[in-house]
Amino acid sequence: MGPPGAGKGTHASTLADQVAVPAISTGDIFRAHLAAGSELGRTVQQYVDSGAYVPDEVTNAMIRERLAEEDARSGFLLDGYPRTLDQAAVLDGLLEAQGRDLTAVIVLRVDQESLVSRLLRRAEIQGRSDDSEDVIRTRLEVYTEQTVPLITLYGGRGLLHEIDGNGDIDEVRERILEITYTLTPAG
Ligand code: ADP
């Protein structure tokens, strides 16, 4: 977990490689559908472009299917899911049905000014449709309102690992890896 620009995607790939599980990014899946012009892409376009969350029923159905795929059997790393309390409840149900549990929840903390400057820099390089200044502001607000409550939820379950996400990619990667060495997979 972490606000837009925190580095979730960057570190999810490295960490997933390290622990040999697939990294599953809801944002990447939505962008792939947008690029392909699929029906799901058309459904989510207005939400992604405006910085709003895609409705829970759409996101939950997509994750349910993705987690049922073969490569997710021995574990997975979720990037950008769950982001609402409803999504967290659905994920609990999916895992419970399979007799599995979450091993850890990693939150990347980054100063607000760095987030905005990282995202504006990314806008220049990648040209993502949701990296304009207005939409960035909306995404940060939506994160605070809808996703920050999950930090309390997972903190209460003793799953939370908060990482300082400021600094360069290598430094942050080391901080994350230090934590993963101490984890024992659950479920
Ligand atoms: P960021 O974290 O930088 O905003 P993502 O690539 O994770 O970027 O997400 C991009 C967009 O995809 C979000 O603004 C939202 O519209 C949609 N999205 C991604 N994950 C979810 C989710 N779990 N629930 C609802 N919408 C999502």
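Residues numbered from 1 in each chain as written. Predicted model: local features only at pLDDT ≥ 70, side-chain atom pairs only at ≥ 80, totals over all residues. Heavy atoms only, no water.

(A) Fine view of the packing of helix 5 (residues 85-97) against helix 7 (residues 133-156). One can describe the packing of helix 5 onto helix 7 by two numbers: an axis separation of 9 Å at closest approach and a directional angle of 45°. With respect to each other, helix 5 and helix 7 are oriented oblique. Between helix 5 and helix 7, the contacting residues are Leu85, Ala88 and Leu91 on the first element and Gln146, Pro149, Leu150, Leu153 and Tyr154 on the second. Of the residues in the contact of helix 5 with helix 7, the class split is seven nonpolar, one polar and no charged. (Axes fitted to C-alpha atoms, helices over the stretch in contact; angles between N-to-C directions. Helix = DSSP H or I, 4+ residues; strand = E, 2+ residues; numbered from the N terminus. Parallel < 35°, antiparallel > 145°, perpendicular 65-115°, else oblique. Contact = heavy atoms within 4.5 Å. Nonpolar A, V, L, I, M, F, W, Y, C, P; charged D, E, K, R; others polar.)

(B) Looking closely at unusual backbone geometry. The step from tyrosine 81 to proline 82 runs through a cis peptide bond, and the omega angle for that step is -5°. Considering the arrangement of structural elements, one finds proline 82 in the loop between strand 2 (77-79) and helix 5. For alanine 20, which is not glycine, the phi torsion reads 55° and is therefore positive. Take alanine 20: its relative accessible area is 63%, and that puts it in the exposed class. (Buried < 20%, exposed > 50% of the residue type's maximum accessible area, 1.4 Å probe, protein only.)

(C) Spotlight on the UniProt feature "binding site: AMP" (unreviewed entry) in the protein. Here the UniProt feature "binding site: AMP" (unreviewed entry) sits at Thr26, Arg31, Ala52, Tyr53, Val54, Gly80, Tyr81, Pro82, Arg83, Gln87, Arg128 and Arg139. With a sequence span of 114 residues, these residues are also far apart in the fold, their greatest C-alpha distance being 24.8 Å. When its relative accessible area of 17% is taken as the criterion, tyrosine 53 is described as buried. The residues touching tyrosine 53, leaving out its near neighbours within four places in the chain, are Tyr47, Arg83, Thr84, Val142, Tyr143, Gln146 and Thr147. A distance of 2.6 Å separates polar atoms of two side chains, one belonging to tyrosine 53 and the other to threonine 147. Taking the relative accessible area as the measure of exposure, glycine 80 reaches 11% and is therefore buried. In contact with glycine 80, not counting residues within four places along its chain, are Lys8 and Thr26. (UniProt positions renumbered as here; feature names shortened; annotations may be inferred. Polar contact = N/O pair within 3.5 Å; in protein donor to acceptor, adjacent residues only side chain to side chain.)

(D) Structural context of the UniProt feature "binding site: ATP" (unreviewed entry) in the protein. In the UniProt entry, the feature "binding site: ATP" (unreviewed entry) is given for Gly5, Ala6, Gly7, Lys8, Gly9, Thr10, Arg122 and Gly167. Among the structural elements, glycine 5 can be located in the segment before helix 1 (8-19). Setting aside anything within four residues of it in sequence, one finds glycine 5 in contact with Leu115, Arg118 and Leu119. In this structure, glycine 167 sits in the loop between strand 4 (160-164) and helix 8 (169-180). Beyond its immediate sequence surroundings of up to four residues, glycine 167 is in contact with Arg118 and Val172.

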